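Observations on chain architecture
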Amino acid sequence: MKLKPVANHTITLRSPRELKIMREAGRIVARTVREVVAAMRPGMSTRDLDLIAARSFRRQGARSTALGYFGYPGHICVSVNSQVVHGIPGPLKIKDGDLVKFDVAASYNGYVGDTTLTAVVGGKPTPEQVRLMRVAYEALMAGIGQARAGNRLSDIGHAIQTYVERNGLVVVKEFVGHGVGRSMHEAPQVSHWGPPGKGPVLKPGMVLAIEPQVNLGSAEVQMLPDGWTAVTLDGNLSAHYEHTVAITENGPWILTEL
Ligand code: MF3
Ligand code: CO
Ligand code: CO
């Protein structure tokens, strides 16, 4: 989501009973995003892929939290190549070699799961695409590694930025992760960059969506006139991974794993 000033900074702690439901919601979106990746073929439109997600949600008894969000018209976000986030499903046809990000969020029994995968259409990703995807995914995992009780919130973003820059790539600064619960976007905002040791102390029961976007070229982004789609300013590729993660006594619990 877009970094913005917020009125309510209270971070809701989720009970073990709530976390069990959130794990189910997480598993549902994990399945859906994999179904969409598996179905993706050259020549399909991003709207075709959106409808596959819609059917997957329906079959699993879940509801898209993107559809109707501030008027958003898709069930999921599909962002291609230089599109960074919030690509609106439409007539755009994907082709062999395109790098596609699927951001999938849904609610189930009143709780939300939010996850994103990046995948390449067709046969063979280029070495550059492989490197971009690997660094972005590993950066997410480095951030998740800091999602521990007793750490501070900004330790997550610091680990992500450090990992990305050590590997010669850049992290997008305009978008943040977020708390997840009954709503898709709750407090706190989770920066993917910055100094360590700042912000609230992490506590068991907090649930965070961590979702770095990593660029091959410049980190700068710009909005398309549709009011949703963010693209890289230099037209270079961007990758995006996201997990919903619970802080527990025993370390991070990735709710959006299969
Ligand atoms: N799932 C996205 C996130 O990670 C938000 C999608 S909002 C939409 O925060 F309206 F663009 F769908
Ligand atoms: Co998301
Ligand atoms: Co999110």
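What you are looking at is a predicted structure, and each value in this text was computed from that prediction instead of being measured.

**A closer look at the coordination of the cobalt ion (ligand 3)**
Protein coordination at the cobalt ion (ligand 3): the donors are D114 (OD), H178 (NE2), E211 (OE) and E242 (OE), at 2.0 to 2.2 Å from the metal. Coordination at the cobalt ion (ligand 3) comes from six donor atoms whose angles at the metal span 50 to 175°, giving a geometry best classed as irregular. Mapped onto the polypeptide sequence, the residues donating to the cobalt ion (ligand 3) form the spacing pattern D-x63-H-x32-E-x30-E. Separating the cobalt ion (ligand 3) and the cobalt ion (ligand 2) is a distance of 3.2 Å, and D114 donates to both of them. Of this pair, H178 sits in strand β7 (residues 177-179) while E211 sits in the loop between β9 (207-210) and β10 (213-215), placing them 33 residues apart in sequence.

**A look at the packing of aromatic side chains**
Each pair of aromatic rings is reported with the distance of its centres and the angle of its planes. Enumeration over the complete set of coordinates arrives at three aromatic pairs. Ring centres of Y137 and Y241 lie 5.4 Å apart, and the angle between their planes is 75°; on these two criteria the pair is classed as edge-to-face. Note that Y137 is positioned in helix α3 (residues 127-145) and Y241 in the loop between β13 (238-240) and β14 (243-248), a separation of 104 residues in sequence. Between the NZ or CZ atom of K173 and the centre of the ring of W193, over which it lies, the distance is 4.6 Å.

**Quick notes on the coordination of the cobalt ion (ligand 2)**
Ligation of the cobalt ion (ligand 2) by protein atoms is provided by D103 (OD), D103 (OD), D114 (OD) and E242 (OE), these donors lying 2.0 to 2.7 Å from the ion. In primary sequence terms, the donor set of the cobalt ion (ligand 2) follows D-x10-D-x127-E.

**Focus: the site of ligand 1**
Of all residues adjacent to ligand 1, which total 15 residues, the nearest are A66, D103, H185, E211 and E242. One of the side-chain N or O atoms of D103 is found 3.0 Å from a nitrogen atom in ligand 1. Measuring from an oxygen atom of ligand 1, one finds a side-chain N or O atom of D114 at 3.1 Å. For ligand 1, whose unbound accessible area comes to 330 Å², protein coverage reaches 99%.

**Structural notes on the pairing of β9**
The alternating pattern of β9 places V207 and A209 on one face and L208 and I210 on the opposite face, and all of these are buried. Two strands pair when backbone bridges link them, and β9 and β14 are joined in this way by four bridges, in the antiparallel orientation. The residue bridging A209 from the neighbouring strand is T244, located in β14.

**Section: the nonpolar core**
Residues F102, I156 and I210 are the most contacted members of the largest nonpolar core, which totals 54 residues. Per-element accounting of this core gives the leading share, seven residues, to α3. In this view, F102 contacts V33, V36, V37, M40, L49, I76, C77, V78, T115, T116 and L117; residues no more than four positions away in its chain are not counted. I21, Y111, A209 and A246 belong to the second-largest nonpolar core, a separate cluster that totals twelve residues.

**Here's the deal with the pairing of strand β15 (residues 251-254)**
Where β14 lies against β15, four bridges are found, and the strand directions are antiparallel. Counted as the bridge partner of T248 is G251 from β15. Counted between consecutive antiparallel strands, the loop separating β14 from β15 contains two residues.

**Topic: the sheet that holds β14**
Strands sit in the order β8-β7-β9-β14-β15 across an open sheet of five strands; the sheet is antiparallel. Two strands lie at the open edges of the sheet, namely β8 (186-190) and β15, each paired on one side alone. Strand-to-strand twist across the sheet, computed as the mean angle between neighbouring axes with direction ignored, equals 30°. Packing against the sheet, α3 makes contact with β9, β14 and β15, and its axis sits at approximately 20° to β14.

**Considering the side chain of H240**
As for its placement among the helices and strands, H240 is situated in strand β13. Only 3.4 Å separates the side chain of H240 from the side chain of Q213, close enough to count as a polar contact. If near-sequence neighbours (up to four positions away) are discounted, H240 is found in contact with V84, V85, K101, D103, T116, L117, T118, E211, P212 and Q213.

Here is what the cut-offs are and how they apply
Position numbers for residues start from 1 in each chain and track the written sequence from start to end. The naming scheme follows written order: chains are lettered A onward, ligands numbered 1 onward. The predicted nature of this model means local features are confined to residues of pLDDT at least 70 and side-chain atom pairs, given and counted, to a pLDDT of 80 or more, with totals for whole chains, interfaces and linings taken over all residues. For side-chain calculations, the full set of non-hydrogen atoms in the structure is used, while hydrogens and water are omitted. Any nitrogen, oxygen or sulfur atom within 2.8 Å of a metal ion counts as a donor, with the limit raised to 3.2 Å for Na, K and Ca, and since water is left out, coordination shells can look unfinished. Any site counts as irregular unless it has four donors with all angles between 85 and 135 degrees, making it tetrahedral, or four or six donors with opposite ones more than 155 degrees apart and the rest between 65 and 115, making it square planar or octahedral. Each helix corresponds to a stretch of at least 4 residues labelled H or I by DSSP, and each strand to a stretch of at least 2 residues labelled E; elements are numbered beginning at the N terminus. Whether two aromatic rings pair depends on their centres lying within 6.5 Å, for rings of Phe, Tyr and Trp, where Trp uses its six-membered ring; planes under 30 degrees apart make the pair stacked, over 60 edge-to-face, and the rest tilted. Only when the NZ atom of a Lys or the CZ atom of an Arg is both within 6 Å of the ring centre and within 35 degrees of the ring normal do we say a charge sits over the ring. Here a residue is near a molecule or strand as soon as one of its heavy atoms is found within 4 Å of it. Throughout this description, a polar contact denotes any pair of N or O atoms lying within 3.5 Å of each other; where both atoms belong to protein, one of them has to be capable of donating a hydrogen while the other can accept it, and for residues adjacent in sequence the pair is counted only when both atoms sit in side chains. For the area figures, the Shrake-Rupley method with a 1.4 Å probe applies, and any residue is considered shielded solely by the protein chains shown. Only protein chains enter the accessibility calculation, which uses a 1.4 Å probe. A residue is then buried if its area is under 20% of the maximum for its type, exposed if over 50%, and partly exposed in between. Pairing between two strands is assigned when DSSP locates at least 2 bridges connecting them. The set of buried Ala, Val, Leu, Ile, Met, Phe, Trp, Tyr and Cys residues whose side-chain atoms join them within 4.5 Å is what this entry labels a nonpolar core. Contacts were defined at the residue level, with two residues in contact if any of their heavy atoms lie within 4.5 Å. Between the N-to-C directions of two axes lies an angle of 0 to 180 degrees, each axis being a line fitted to C-alpha atoms and, for a helix, fitted only over the stretch in contact.

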